[in-house]
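Listed below, chain by chain, are the residues.
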Amino acid sequence: DVPVRPGYASLWFGPAGTRTPLHHDGSNILICQIYGRKRITLVAPTSAALAQHAEGFYAPEDWKNLVANEDNPAAIRTVELSAGEALFLPIGYWHDVEALEPSIHVSMLGFGKPNSVNWYRPGFVQ
């Protein structure tokens, strides 16, 4: 685990088509789109199938089938961020990020209050 301290942030930039597959993070994230557009697909952390089949922080490639076949499927939502917009992702929210055009965003991870939940660790053996 990387310690998340107040002020911690990361810069993401790349050409259209750059993608980070469906995964979850162990901290809250504020995504601030600076340039271009990104599509972010969201799945609630309540998906039992994703928690069971995760490999580390990542969902398996067939995650859409797993979620669709749950007894109580988690909702899948899609958000498109343009320059100047932001999205807050609570701890554990599954998200897939794809650049629709050349784009830049800053992910702010270091909030002044506790920012992790040690008990939510799908994909990791306890």
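Preceding this section is the structure that the text describes.
What you see is a predicted model, and the numbers here were worked out from it, not measured in a lab.

### With respect to the overall build of the chain
Then step 1. The number of helices and strands found in the chain is two helices and eight strands.
Then step 2. Helices (α) and strands (β) of the chain occur, in sequence order from the N terminus, as β-β-β-β-α-α-β-β-β-β.
Then step 3. Each of the 126 residues in the chain was classed as buried or not, and the buried ones make up 38%.
Then step 4. At a minimum sequence separation of 6, the contacts of the chain that also span at least 24 residues come to 89%.
Then step 5. For the chain, the exposed surface amounts to about 7,500 Å²; the carbon and sulfur share of it is 56%.

### Description of the pattern of salt bridges
Then step 1. Throughout the structure, instances matching the rule amount to four salt bridges.
Then step 2. Residues Asp96 and Arg19 are paired through a salt bridge, measuring 2.5 Å at the closest nitrogen-oxygen approach. One end of the pair, Asp96, is in strand β7 (residues 94-99); the other, Arg19, is in strand β2 (residues 19-23), and 77 residues separate them in sequence.
Then step 3. On the basis of relative accessible area, Arg19 is assigned to the partly exposed category, the value being 41%.

### With respect to the environment of Val79
Then step 1. Relative to the assigned elements, Val79 resides in strand β5 (residues 76-82).
Then step 2. C-alpha separation for the pair Val79 and Arg39, spaced 40 residues apart in sequence, amounts to 5.8 Å.
Then step 3. Apart from residues lying up to four places away in sequence, Val79 is in contact with Lys38, Arg39, Ile40 and Leu42.

### Some words on the sheet that holds strand β1 (residues 9-14)
Then step 1. Strand order in the open sheet formed by four strands is β1-β8-β3-β6, and the pairing between neighbours is antiparallel. Edge positions in the sheet fall to β1 and β6 (86-89), since each of these pairs with one other strand and no more. Strand-to-strand twist in this sheet, taken as the mean axis angle between neighbours without regard to direction, amounts to 20°.
Then step 2. In this sheet, strand β8 (residues 103-108) lies alongside β1 in antiparallel orientation, the contact comprising six bridges. Of the residues in β8, the one forming a bridge with Leu11 is Val106.

### Quick look at the side chain of Lys38
Then step 1. Take Lys38: it is sitting in strand β4 (residues 37-43).
Then step 2. At 11 Å, Glu101 is the nearest oppositely charged side chain to Lys38, a buried residue that forms no salt bridge.
Then step 3. Looking at Lys38, its side chain comes within polar contact range of the side chain of His105, at 2.6 Å.

### Some words on the sheet that holds β2
Then step 1. A sheet is described by the order of its strands in space; here four strands give the open sequence β2-β7-β4-β5, paired in antiparallel fashion. Single-partner strands in this sheet number two, and they are β2 and β5. Taken pair by pair, the neighbouring strands of this sheet meet at an average axis angle of 15°, ignoring direction.
Then step 2. As judged from the three bridges shared by β2 and β7, these two strands associate in the antiparallel manner. In the strand pairing of β7, Arg19 is matched with Glu98.

### Brief notes about the environment of Pro122
Then step 1. With respect to the helices and strands, the residue Pro122 is situated in the segment after β8.
Then step 2. With 77 residues separating them in the primary sequence, Pro122 and Pro45 have C-alpha atoms 9.3 Å apart.
Then step 3. For Pro122, the residues in contact, after removing those within four places along its chain, are His24, Ala51, Ala54, Gly56 and Trp94.

Rules used in this analysis
Residues numbered from 1 in each chain as written. Predicted model: local features only at pLDDT ≥ 70, side-chain atom pairs only at ≥ 80, totals over all residues. Heavy atoms only, no water. Helix = DSSP H or I, 4+ residues; strand = E, 2+ residues; numbered from the N terminus. Buried < 20%, exposed > 50% of the residue type's maximum accessible area, 1.4 Å probe, protein only. Contact = heavy atoms within 4.5 Å. Areas by Shrake-Rupley, 256 points an atom, 1.4 Å probe, with all protein chains shown as cover. Salt bridge = Lys/Arg side-chain N within 4 Å of Asp/Glu carboxyl O. Pairing = 2+ DSSP bridges. Axes fitted to C-alpha atoms, helices over the stretch in contact; angles between N-to-C directions. Lys, Arg positive; Asp, Glu negative; His and termini not counted. Polar contact = N/O pair within 3.5 Å; in protein donor to acceptor, adjacent residues only side chain to side chain.

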